[in-house]
Amino acid sequence: ILDIRVISEDTVDHTIEVKSFGSLLIMMNDVVKSIAKAHNRQSGKKRGLTSGCSLNYIGSYAGSFGIRLEAEEYSDLLDETKLTPVLHELFNLLQIVNGLEIDKIVKEKSFEYSAALRKLLKYSCDNNAGLDFSYTTPKARFNGKANLKSEFSKTTLTYLDQLISEEIKEEEFTGDL
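Residues numbered from 1 in each chain as written. Predicted model: local features only at pLDDT ≥ 70, side-chain atom pairs only at ≥ 80, totals over all residues. Heavy atoms only, no water.

Draft legend 1. Just the pattern of salt bridges, in detail. Inspection of the entire model under this criterion finds seven salt bridges. Here Lys-119 makes a salt bridge to Asp-30, at a shortest N to O gap of 3.6 Å. With Lys-119 in helix α4 (residues 111-126) and Asp-30 in helix α1 (residues 18-42), the pair connects residues that are 89 residues apart, well separated along the chain. Overall, Asp-30 belongs to the partly exposed group, its relative accessible area being 28%. Lys-109 is paired through a salt bridge with Glu-89; the nearest N and O atoms lie 3.5 Å apart. Note that Lys-109 is positioned in the loop between α3 (99-108) and α4 and Glu-89 in helix α2 (residues 84-94), a separation of 20 residues in sequence. (Salt bridge = Lys/Arg side-chain N within 4 Å of Asp/Glu carboxyl O. Helix = DSSP H or I, 4+ residues; strand = E, 2+ residues; numbered from the N terminus. Buried < 20%, exposed > 50% of the residue type's maximum accessible area, 1.4 Å probe, protein only.)

Okay, structure coming up:
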């Protein structure tokens, strides 16, 4: 289960504009798929990089405006799904607190991680909203919490954009064109 709470002046009445809601769902889908591709590629997979990593919308809840998403698969006996390590990577990404950590992400991780972080920060800035994230597995063996404050998102997005524009990377992709 992945919970996302949007905190802004527009969500005080526990409602959200349809356009913002739709872009939140699309943004989260893109972020999870990007991280799944990067994580699974790094693990040595070549096909089906995002299989089992889709999110299903369950519903919304009060608390400014919150949505609950769930993994498309049930967890196994070890309380994991294919989405569990992807969410773990996402929450590691969300734990950034300073410029050094952003430098490390841009320089050491594949571009998908920087792009995913940028999408999260951009949504927060565009909607002048803070975002609270939490996830857990059915037996609570794996869980995490993170938040992006609106002010932090603005300064971090500017810095991240500067780093991305300066970064030159070589990545090798194997496949047919």
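Draft legend 2. Looking closely at the packing of aromatic side chains. Summed over all chains, the structure comprises four aromatic pairs. Relative to Tyr-57, the ring of Phe-21 has its centre 5.6 Å away and its plane inclined at 75°; by these criteria the two rings are edge-to-face. Of this pair, Phe-21 sits in helix α1 while Tyr-57 sits in strand β2 (residues 55-62), and the two are 36 residues apart along the sequence. Taking relative accessible area as the criterion, Tyr-57 reaches 40% and is therefore assigned partly exposed. With centroids separated by 4.7 Å and ring planes inclined at 45°, the aromatic side chains of Phe-91 and Tyr-135 adopt a geometry described as tilted. Of the two residues, Phe-91 sits in helix α2 while Tyr-135 sits in strand β4 (residues 130-136), which places them 44 residues apart along the sequence. Of the residues examined, Tyr-135 reaches a relative accessible area of 6% and is grouped as buried. (Phe/Tyr/Trp six-rings, centres within 6.5 Å; stacked < 30°, edge-to-face > 60°.)

Draft legend 3. Structural detail: α2. With eight of its 11 residues buried, α2 lies for the most part within the structure. Residues Thr-84, Val-86, Leu-87, Glu-89, Leu-90, Phe-91, Leu-93 and Leu-94 constitute the buried set of α2. In this fold, the buried residues of α2 make contact with β1 (2-7), α1, α3, α4, β4 and β5 (143-148). (Contact = heavy atoms within 4.5 Å.)

Draft legend 4. Structural detail: the environment of Tyr-159. Examined against the element boundaries, Tyr-159 turns out to sit in helix α5 (residues 150-166). Looking at Tyr-159, the relative accessible area reads 28%, which means it is partly exposed. In this structure Tyr-159 touches Gly-99, Ile-102 and Asp-103, once residues within four positions along its chain are discounted.

Draft legend 5. Local environment of the side chain of Thr-81. Summarising the element assignment, Thr-81 is placed in the loop between β3 (65-71) and α2. Owing to a relative accessible area of 15%, Thr-81 belongs among the buried residues under this scheme. From its side chain, Thr-81 meets the backbone nitrogen of Leu-83 in a polar contact 3.0 Å long. If we skip the residues at most four places from it in the chain, Thr-81 touches Ala-71, Glu-73, Tyr-74 and Ser-75. (Polar contact = N/O pair within 3.5 Å; in protein donor to acceptor, adjacent residues only side chain to side chain.)

Draft legend 6. Examining the nonpolar core more closely. Counting residues in hydrophobic clusters, the biggest one holds 46 residues, and the most contacted among them are Leu-2, Met-28, Leu-90, Leu-120 and Phe-133. Counting residues per element, this core draws most heavily on α1, at nine residues. Setting aside residues no more than four positions away along its own chain, Leu-120 makes contact with Met-27, Met-28, Val-31, Leu-90, Leu-94, Leu-131, Phe-133 and Leu-148. (Core = buried A, V, L, I, M, F, W, Y, C linked by side-chain atoms within 4.5 Å.)

Draft legend 7. Geometry of the pairing of β2. Pairing analysis gives seven bridges linking β2 to β3, with the strands arranged antiparallel. Residue pairing across strands places Tyr-57 opposite Leu-69, the latter belonging to β3. In textbook terms, the turn of a hairpin is the stretch between consecutive antiparallel strands, and for β2 and β3 this stretch comprises two residues, one of which, Gly-63, has a positive phi near 115°. (Pairing = 2+ DSSP bridges.)

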